[in-house]
Amino acid sequence: MKSITINGSQRESVGKKATKALRNAGQVPCVLYGGDQPVHFSAPELAFSKLVYTPNAHTVVIALENGTSYNAVMQDIQFHPVTDRILHIDFYKLYEDKEITMEIPVHVIGTSKGVLNGGVLQRNQRKLRIKAIPANLPDFIEVDITPLKIGSKLYITELENSNYEFLHPDNTVVCQVRRSRASIAEFEEELEEELEEGAEGAEGAAEGAEKPAEGQE
C-alpha cells in the first residue's frame, strides 16, 4: 500500500489552551496510539489533504522534528461541525508482524453483460473492511463485473484472497446488476401483450368449439 509522509512536531503541552493555540496557527493536534505511551504531535492542516480528501487508502509515516518516525494508519478524525476544518486526528502505530484492520476501496473493472443488455450496475459496497499485516495491505480491491448478467449478484466470498481476511458476512453483496426501470416497464408491456394475445386466442378457440358443424343443426 502507498504511504504518505506527515512532517510534524511533538507536543509538550496538551491542555485546552495549547490545543486552541495550535488550531489558530493552522496546526492539527494529533495522537499516535499503539506504543508504550501515546505520542502527542501536531502538523499543518494542509499536510493531511492527500490523506483525508481522497477515496484512496494510505498508510502514514509520521516524521517528527526530533528525528523519530513511526509507521501508522489513521484511526479516527474529527471535523468542525460548521467549517469542516480538521480538529483532531488519531493514528495507530503499525507493526510488521501485527495485523491491522482497514477499509479498502473497491475498484470495478470490465463491462457487465447485463449492463450491455440494458441493466443497471448497483455498487452495494464501495469500501471493504479487511484485516492483514501491513505488508499485505492492498491499495484497492479489484472486482471484475464482466460475467454479471441482469439479476446476478457478486458476493464477497468470490473475492477471497490469501493475503488478507474480509471482515464482512459471507452473504455480503459487493455489487449487482439490476433491471432498469425502462426495461422493467418494457418487460411488463410485453407481458401484458402476450397475456392479451393468449386470452384472445383462447376466446377464439372457445367460440370455434361452440359453433356447430354444418349439417348438425
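Thresholds applied
- Starting from 1, residues in each chain are numbered consecutively following that chain's sequence as written.
- For a predicted model such as this one, the threshold for reporting local features is a pLDDT of at least 70, and the threshold for listing and counting side-chain atom pairs is 80 or more; totals across whole chains, interfaces and linings nevertheless cover every residue.
- Only heavy atoms go into the side-chain values, all of them from the structure, while hydrogens and water stay out.
- Only DSSP runs of H or I reaching four residues or more are called helices, and only runs of E reaching two or more are called strands; each is numbered from the N terminus.
- Three exposure classes are used, based on accessible area relative to the maximum for each residue type with a 1.4 Å probe and protein chains only: buried under 20%, partly exposed in between, and exposed over 50%.
- Contacts: residue pairs with any heavy atoms within 4.5 Å of one another.
- Surface accessibility in these figures is a Shrake-Rupley result with a 1.4 Å probe; residues are shielded only by whichever protein chains are displayed.
- Each residue carries a pLDDT score, the predictor's own confidence in it, on a scale running from 0 to 100.
- Strands qualify as paired when DSSP identifies two bridges or more between them.
- Angles here are taken between N-to-C directions and fall from 0 to 180 degrees, while the axes themselves are lines fitted to C-alpha atoms, restricted in helices to the stretch in contact.

Undergrad: Help me out: how do you make sense of the overall build of the chain in this one?
TA: Along its length, the chain carries four helices and 13 strands. Across the 217 residues of the chain, 30% fall into the buried class. Long-range contacts, defined here as pairs at least 24 residues apart, represent 64% of the contacts in the chain between residues at least 6 apart. Per element, the accessible surface of the chain, about 14,000 Å² overall, is 47% carbon and sulfur.

Undergrad: In this structure, what is going on with the confidence of the model for the chain? I would like to understand it.
TA: For the chain, per-residue confidence averages 88 on the pLDDT scale, and residues scoring 70 or more make up 83% of the total. The least confident element of the chain is helix 4 (residues 181-210), whose mean pLDDT is 59; the most confident is strand 12 (residues 165-166), at 97.

Undergrad: Explanation requested: the sheet that holds strand 8 (residues 119-123) in the structure shown.
TA: Strand pairing in a sheet relies on backbone hydrogen bonds, with the paired strands running either antiparallel or parallel. With antiparallel pairing, three strands are arranged side by side in an open sheet as 8-13-11. On the outer flanks of this sheet lie strand 8 and strand 11 (153-155), each paired with one strand and no other. Geometrically, the sheet is characterised by an average inter-axis angle of 15° between neighbouring strands, direction not taken into account. Pairing between strand 8 and strand 13 (residues 173-179): five bridges, direction antiparallel. When the bridges of strand 13 are listed, Gly119 appears paired with Arg179.

Undergrad: Would you mind going over the sheet that holds strand 12 with me for this structure?
TA: Here four strands make up an open sheet; going across it, the order is 10-7-9-12 and the pairing mixed. The open sheet has two free edges, formed respectively by strand 10 (141-144) and strand 12, since each of these has just one partner strand. The pairing of strand 7 (residues 100-109) with strand 9 (residues 127-132) spans six bridges and is antiparallel. Bridge assignment links Glu103 to a residue of strand 9, and that residue is Arg129.

Undergrad: What's the story with the environment of Ile141 in this structure? I'm lost.
TA: Positionally, Ile141 belongs in strand 10. The class of Ile141 is buried, set by a relative accessible area of 2%. Separated by 33 residues in sequence, Ile141 and Val108 have C-alpha atoms that sit 8.5 Å apart. The residues contacting Ile141, other than those within four sequence positions of it, are Ile104, Pro105, Val106, His107, Leu128, Ile130, Leu159, Tyr164 and Phe166.

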